[in-house]
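Here is what each chain is made of, one letter per residue.
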Amino acid sequence: MKRNLLSVAALLFGTLFLFMGNGLQGILLPVRGNLEGYATTTLGLLGTSWAGGFVIGCLVAPKLVRRVGHVRAFSGFISIIAIIALVSGIIIHPVWWVVLRAVTGFSTAGTSMIIESWLNERASNESRGAIFSLYIGITLLGVVGGQMMIPLEDVRTPVLFMICGIFYCIAMLPTTLSTAASPQPLKAVRLDLPALYRNSPVSCLGILLVGIANGAYGTLGAVFGAGAGLSDTSIAIMMSATIFAGAMMQLPAGRLSDRIDRRYVLAAMSAIAALAGLLIFMLHPTSPALLIGLVVLYGAVANTLYPIAVAHANDFAASEDFVKVSGGLLLLYGIGTVIGPTLGGPVMSAITPHALFLVTAVAHVLITGYAIVRSRIRAAVPASDRDAYTTIPTGTSPMLTPESMSLADRGTGKSPESGDPAVKFG
């Protein structure tokens, strides 16, 4: 295992800087846009376009990678991301930002899929779990590190955009300079909504709603913080603490869902997230400490919902279908993240910035109600027969790709690349 970890150390180092750039750019654009006076609806479209580009990238990027190769594709994708980061600091215009954000989402899907397929290639069955956990930890650390750069420089200047470009260029080096052989062709995942729903109605609808809530907060959380009167430093702390709280809560929530019906845990966590969101919306806390505390409580429970829903879906699926089911649910989550900011922006503009949490609360109330209803219709899988829970952080962090589902594969007992290279669901 030590040898396998050492073989991917350079790649993981590049991954750290890639997600630092993602984290910084993800919070910098809405904060700067808010200072420029852009409408909240427009700022929401930044998240919509990024998520839309990401979903399209998951579907199209494998074809591009197969055509030109991993190294050339990676260099091309990350060069585009770096150029867009720099151009965004030069051209301060909402329409250009929305268009360029979609291209960034597409290219980010491509770079992430290449990194994850490279890790897959280097991982053995024994080291796969450790490498996946390390990869997840690095992505979270990178996003938080990027977000915490915000207080270090005036967001009205192009300096932070230039730092984004530097991070992306550093991220390119380990992969482009590597002499290791390129990995096997990327897998193709096709979403089949009827099959997903038949497998697990709660997971199917629940993950769509989780995507709506997380997409709205992930894109507009910084805008909400500015509208609530928080400083740039407080906004960065709020966004970063939400990520850490969600990461810390996943293991306790996951263990609880391994012991009792996962739908009850899903309903309870959704109910707490809805309550926290409604308190923020109704109370309009003026104390930064209280406000950030409620947001962190929200993030702690909201970011546990996706992996619990995935585990519930896998409880009812054959072990060899883990990648297909999880990959399809991931794309469904992506659709939700397209919808969330599109709804959140106009609602915040029409009511108050705090209405962001009205949008998330409605989504979480629907999850709670549907999970309870379904628990009365379909019996739970016995605890001894359930699939093992795996931490899969989502929310304020960038979405994972279907390739990461292969890296986390625990169903077949064999390396994902040993099977059919084109995984199709449906």
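Not measured: the values here are computed from a predicted model. (Residues numbered from 1 in each chain as written. Predicted model: local features only at pLDDT ≥ 70, side-chain atom pairs only at ≥ 80, totals over all residues. Heavy atoms only, no water.)

S.K.: Help me get a handle on the overall build of the protein, residues and values and all.
M.R.: When you go through the protein residue by residue, the secondary structure sums to 16 helices and 0 strands. Within the protein, the proportion of its 426 residues that are buried is 58%. Carbon and sulfur atoms provide 68% of the accessible area of the protein, an area that totals close to 15600 Å². (Helix = DSSP H or I, 4+ residues; strand = E, 2+ residues; numbered from the N terminus. Buried < 20%, exposed > 50% of the residue type's maximum accessible area, 1.4 Å probe, protein only. Areas by Shrake-Rupley, 256 points an atom, 1.4 Å probe, with all protein chains shown as cover.)

S.K.: Pulling in residues and values, what's your account of the packing of helix α10 (residues 232-259) against helix α12 (residues 288-302)?
M.R.: In contact at an axis separation of 7 Å, α10 and α12 are set at 35 degrees when each is read in the N-to-C sense. Relative to α12, the crossing made by α10 is right-handed. On α12, the residues touching Ser 234, Met 238, Ala 241, Thr 242, Ala 245, Gly 246 and Met 249 of α10 are Ile 292, Val 295, Val 296, Gly 299 and Ala 300. Residue classes in the contact of α10 with α12 are distributed as 8 nonpolar, 4 polar and no charged. (Axes fitted to C-alpha atoms, helices over the stretch in contact; angles between N-to-C directions. Left-handed = near helix turned anticlockwise from the far one by under 90°. Contact = heavy atoms within 4.5 Å. Nonpolar A, V, L, I, M, F, W, Y, C, P; charged D, E, K, R; others polar.)

S.K.: Tell me about the packing of helix α4 (residues 70-90) against helix α5 (residues 94-122), and please be specific about residues and values.
M.R.: Close contact between α4 and α5 brings their axes to 9 Å; oriented N to C, the two are set at 150 degrees. The chirality of how α4 crosses α5 is left-handed.

S.K.: Quick rundown of the confidence of the model for the protein? Include the residues and the values.
M.R.: Looking at the protein, pLDDT values average 84 and 81% of them are 70 or higher. Of all secondary-structure elements in the protein, the lowest mean pLDDT belongs to helix α1 (residues 2-7), at 56, while helix α11 (residues 262-283) reaches the highest, 96. Ignoring residues within four places in sequence, the model shows residues 411-426, a span with pLDDT below 50, making 38 contacts including any to other chains. (pLDDT = per-residue confidence, 0-100.)

S.K.: How would you explain the side chain of Thr 111 if you had to name every residue and give the values?
M.R.: Residue placement: Thr 111 occurs in helix α5. Assessed through its relative accessible area of 0%, Thr 111 is described here as buried. Of the polar contacts made by the side chain of Thr 111, one reaches the backbone oxygen of Thr 108; its length is 2.9 Å. Once residues lying within four places of it in the same chain are set aside, the contact partners of Thr 111 are Leu 18, Phe 74, Phe 77, Ile 78 and Ile 81. (Polar contact = N/O pair within 3.5 Å; in protein donor to acceptor, adjacent residues only side chain to side chain.)

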